[in-house]
Amino acid sequence: MILENEIGIAAFRNEWQKASVSILYTYGFLSNGYENFFKRHGLTTQQYNALRILRDQFPKPVSTSFLREKMLDKMSDASRLVSRLGAKGLVEVTQNSADKRLVNIVISEEGQNVIGAIDKDLYQLDALMKGITEEEATTLIELLYKVRESLKTADERIATKEQVDADA
């Protein structure tokens, strides 16, 4: 089925708009798959992502700002996320002795057990993308990298166009 029919748009302005909408539409499917997977383990995707980061840093404590910087979802409220993980006993939070405004976050033993159990089922997430070949996945990774680089420099192109329009 073509994208226009799937989302009910008669036509796109251009291929860039179509590509952008296609990424957003596909993200919804992928995100739902991840959320359903982690829900079975009593977590959200963001909670798992935080635990994964904390496990990689263990035994070194991290701050909420470090966690936010490394999260896949940069809009995530790291403080609230840490509070929820703490309430579940999956992280240990202590005050930073050098800066009382900061906290030190470390994954707990229970958090390590939970993420270890999830590790055994991660092949199920891989199955979400196995409708494409490994070679196609590599190409997709490269293209998405280029998209991210384009997004990082979009302000420059927008400013240049605005300047060209102003000069015209």
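### Quick notes on the overall build of the protein
Piece 1. The helix and strand tally for the protein stands at nine helices and two strands.
Piece 2. Counted from the first residue to the last, the protein has its helices and strands arranged as α-α-α-α-α-β-β-α-α-α-α.
Piece 3. Taken over the C-alpha atoms alone, the protein extends approximately 60 × 45 × 30 Å along its principal axes.
Piece 4. Evaluated residue by residue, the protein yields a buried proportion of 24% over its 168 residues.
Piece 5. Residue pairs in contact within the protein that sit at least 24 positions apart in sequence constitute 48% of those at least 6 positions apart.
Piece 6. Only carbon and sulfur atoms are counted for the fraction: they give 56% of the accessible area of the protein, which is about 12,000 Å².
Piece 7. Put simply, the protein has 22 plus and 25 minus side-chain charges, and the middle of one group is 5 Å from the middle of the other.

### Some words on the packing of helix 2 (residues 15-39) against helix 3 (residues 45-57)
Piece 1. Axis separation between helix 2 and helix 3 bottoms out at 8 Å; the angle between their running directions is 75°. Overall, the two elements helix 2 and helix 3 adopt an arrangement that is roughly perpendicular. Here helix 2 contributes Tyr-34, Glu-35 and Phe-38 to the contact with helix 3, which in turn contributes Thr-45, Gln-46 and Tyr-48.
Piece 2. In terms of residue class, the contact of helix 2 with helix 3 is made up of three nonpolar, two polar and one charged.

### As for a nonpolar patch on the surface
Piece 1. Taken together, Ile-23, Leu-30, Leu-128, Met-129, Ile-132, Leu-140, Leu-144, Val-147 and Leu-151 make up a surface patch of nonpolar side chains, about 670 Å² in accessible area.
Piece 2. No other element matches the four residues that helix 8 (residues 134-152) contributes to the nonpolar patch.
Piece 3. Following the sequence through the fold, Ile-132 ends up in the loop between helix 7 (123-127) and helix 8.

### Some remarks on the packing of helix 3 against helix 6 (residues 109-119)
Piece 1. Packing of helix 3 against helix 6 brings their axes to within 10 Å, and their N-to-C directions diverge by 105°. Accordingly, the angle class assigned to the pair helix 3 and helix 6 is roughly perpendicular. Packed against helix 3, whose contacting residues are Tyr-48, Leu-51, Arg-52 and Arg-55, the element helix 6 presents Ile-115, Ile-118 and Asp-119 at the interface.
Piece 2. For the contact of helix 3 with helix 6, the residue count by class is four nonpolar, no polar and three charged.

Reading guide: rules and limits
- Just so you know, the residues in each chain are numbered from 1, in the order the chain's sequence is written.
- Owing to the predicted nature of the model, reporting of local features is limited to residues with pLDDT of at least 70; listing and counting of side-chain atom pairs is limited to 80 or more, with chain, interface and lining totals taken over all residues.
- Excluded from the side-chain calculation are hydrogens and water; included are all heavy atoms of the structure.
- Numbering of helices and strands starts at the N terminus; helices are DSSP runs of H or I of at least 4 residues and strands are runs of E of at least 2.
- Note on exposure labels: buried denotes an accessible area under 20% of the residue type's maximum, exposed denotes more than 50%, and partly exposed covers the range between, all computed with a 1.4 Å probe on protein chains only.
- Note on contacts: a residue pair is in contact if any heavy atoms of the two residues lie within 4.5 Å.
- To measure how exposed things are, a 1.4 Å probe is used in the Shrake-Rupley method; for residues, cover is taken only from the protein chains shown.
- We treat Lys and Arg as the positive residues and Asp and Glu as the negative residues; His and chain ends play no part in the count.
- A single reference atom marks each charge: NZ on Lys, CZ on Arg, CG on Asp, CD on Glu.
- Only the stretch in contact is used when a helix axis is fitted, and all axes are lines through C-alpha atoms; the angle between N-to-C directions ranges over 0 to 180 degrees.
- Angle categories: roughly parallel below 35 degrees, roughly antiparallel above 145, roughly perpendicular from 65 to 115, and oblique for all the rest.
- All amino acids are sorted into three groups, where Ala, Val, Leu, Ile, Met, Phe, Trp, Tyr, Cys and Pro are nonpolar, Asp, Glu, Lys and Arg are charged, and the leftover types, Gly among them, are polar.
- Each patch is built from residues lacking any salt bridge and having more than 30% relative accessible area; the joining distance is 9 Å for like charges and 5 Å for nonpolar side chains (Val, Leu, Ile, Met, Phe, Trp, Tyr).
- When a carboxyl oxygen of Asp or Glu lies within 4 Å of a side-chain nitrogen of Lys or Arg, that pair is called a salt bridge.

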